[in-house]
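What follows is the residue order along each chain.
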Amino acid sequence: MRYLLEGGGRARSVASVFGASRTCDGRPGWRHEEVHENAVTTLITEGFHHITMVSSDAQRTLDFYRDLLGVRLVKRTVNFDDPEAYHLYFGDPEGTPGSILTFFEWPRSPRGHWGVGGVHHLALSVPTAEAQLKWKRRLEDAGVQVSGPINRGYFTSLYFVDPDGQILEIATAGPGYAIDEPADALGQSLRPPPVSLQRDEEAMRSATHPEPVPAVTDDMLLTGIHHITGITDDLDRAGDFYEEALGLKPVKKTVNQDDGETLHYFWANYDGDVVAPRSSLTLFGWGASTQLARPGAGQTHHIAFRAPSDDAQQSWREHLLSMGLDVSPVMERSYFRSIYFSAPDGMILEIATDGPGFSLDEPIESLGADLRLPSWLEERKAQIAGKLTPLI
């Protein structure tokens with residue numbers, strides 16, 4: 001069996017992470033399959049489907065993301081691989097791919113930490129700088145410590161952490177990656193940061209909205225995943241991998257603006273003219289680092305990318321197997337179907353189908369209102385619900 005590398009050369013198989021899962025045809029568990037020689041090699045993901053993080057307290061996570069950040073709870077269910085633990089899904093009103101944030105509740109989990117093979121921060125998109133300042137005022141009035149706004153050139157950023165320590169960013173939609181190189185030739189060479197690294201810290205601290213923001217207004221609505229930033233120990237290897245595995249293209253090669261030295265590369269769904277929204281994956285390069293991501297609360301468990309259909313996902317599976325990767329069978333997740341594999345640095349990745357979607361088992365207007373379980377767990381619903389802490 002082929003094995004995935006978990007940063008620093010430690011090997012593990014996908015089965016060790018998702019071994020108890022139920023496959024799409026109802027088979028429990030894992031089986032290895034041989035590579036097919038006719039695998040498709042030109043697949044390009046449209047972007048992110050979702051990101052899954054770890055929470056130590058589902059109610060606290062619900063209070064923060066739904067009530068403070070205004071992101072709708074679109075599904076209240078359990079971890080299908082550990083049905084005594086909540087799995088909460090947040091997103092836009094319909095739960096469209098690229099807007100979805102999910103959380104496993106692991107109450108006894110130790111605190112995680114970013115490092116090689118993990119996510120450093122998740123950025124959510126807001127349309128304008130004016131709306132971003134409203135977010136700063138709303139968060140600070142709620143007792144959340146905020147850094148920024150910081151002009152990154154390509155966008156402007158606010159930083160804060162959720163109650164478990166997951167680093168979050170609210171980033172403006174633009175002006176975009178073409179401010180310092182042609183839109184039809186992004187990511188071809190290393191570029192210096194497009195802004196001065198000398199910041200007016202006092203001006204950043206004092207910049208805010210003049211009035212309290214007691215509710216999330218329409219102009220403030222977070223519109224989905226802006227980008228996800230991880231850490232890798234080999235940027236060239238990562239770039240080759242994401243281009244071959246997912247069809248992502250480089251759109252920026254620069255340095256970390258917070259230290260002026262660490263390489264920082266960006267990839268996205270890019271057709272040579274337009275960078276697709278909800279598709280930017282960025283990585284800090286920590287060459288030869290042995291500081292590995294530590295799983296746990298406040299860390300990302302995996303990143304999921306989009307496949308438009310079951311057929312496309314199957315073609316992707318064949319393609320990934322042809323690359324010599326350890327790939328799970330197709331797993332039935334009710335609202336989509338999933339396959340899992342890992343990047344060379346150990347980052348757990350998923351390709352999830354766009355459908356059938358979250359309205360499969362409840363109407364859109366009442367998404368997330370009640371506990372929903374897959375058909376094979378329905379007969380245990382009373383038992384499962386009895387072991388979960390009620391959410392309000």
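See the structure shown above.
1. Some thoughts on helix α2 (residues 58-68)
Line of reasoning, step 1. Listing the buried residues of α2 in full gives Ala58, Gln59, Thr61, Leu62, Phe64, Tyr65 and Leu68.
Line of reasoning, step 2. Structurally, the start of α2 carries an N-cap: the backbone nitrogen of Gln59 is 3.1 Å from a side-chain oxygen of Asp57.
Line of reasoning, step 3. Backbone geometry just after α2 places Gly70 at a positive phi near 70°.

2. Focus: helix α6 (residues 310-322)
Line of reasoning, step 1. In this model, α6 (13 residues) spans 18 Å end to end at C-alpha, consistent with the 18 Å of a helix rising 1.5 Å per residue.
Line of reasoning, step 2. Residues of α6 that are buried include every one of Ala312, Gln313, Trp316, Arg317, Glu318, His319, Leu320 and Leu321, and no others.
Line of reasoning, step 3. Here the buried face of α6 lies against α5 (235-246), β15 (300-307), β17 (337-342) and β18 (348-353).
Line of reasoning, step 4. Where α6 ends, the next residue or the one after it, Gly324, has phi of about 85°, a positive value.

3. Points about the sheet that holds strand β5 (residues 82-91)
Line of reasoning, step 1. Read from one edge of the open sheet, eight strands run β4-β5-β6-β3-β15-β18-β17-β16, paired in mixed fashion. Whereas interior strands pair on both sides, the edge strands pair on one side only; in this sheet they are β4 (72-79) and β16 (331-332).
Line of reasoning, step 2. Bridging between β15 and β18 involves five bridges; their strand directions are parallel. Looking at the pairing, Ala307 lines up with Thr353 of β18.
Line of reasoning, step 3. Most of the contacts of α2 go to β5, to which it runs at about 5°, and overall it touches β3 (48-55), β4, β5 and β6 (100-105).

4. Details of the packing of aromatic side chains
Line of reasoning, step 1. Overall, the coordinates contain 20 aromatic pairs when judged by the stated rule.
Line of reasoning, step 2. Relative to Phe103, the ring of Phe90 lies with its centre 5.9 Å away and its plane at 85°, an arrangement referred to as edge-to-face. With Phe90 in strand β5 and Phe103 in strand β6, this residue pair connects regions lying 13 residues apart in the sequence. For the pair Phe90 and Phe103, one class covers both residues: buried.
Line of reasoning, step 3. Through successive ring pairs, a cluster of aromatic residues spans Phe64, Tyr65, Phe90, Phe103 and Phe160.

About the cut-offs
Residues numbered from 1 in each chain as written. Predicted model: local features only at pLDDT ≥ 70, side-chain atom pairs only at ≥ 80, totals over all residues. Heavy atoms only, no water. Buried < 20%, exposed > 50% of the residue type's maximum accessible area, 1.4 Å probe, protein only. Helix = DSSP H or I, 4+ residues; strand = E, 2+ residues; numbered from the N terminus. Polar contact = N/O pair within 3.5 Å; in protein donor to acceptor, adjacent residues only side chain to side chain. Expected span 1.5 Å × (residues − 1). Contact = heavy atoms within 4.5 Å. Pairing = 2+ DSSP bridges. Axes fitted to C-alpha atoms, helices over the stretch in contact; angles between N-to-C directions. Phe/Tyr/Trp six-rings, centres within 6.5 Å; stacked < 30°, edge-to-face > 60°.

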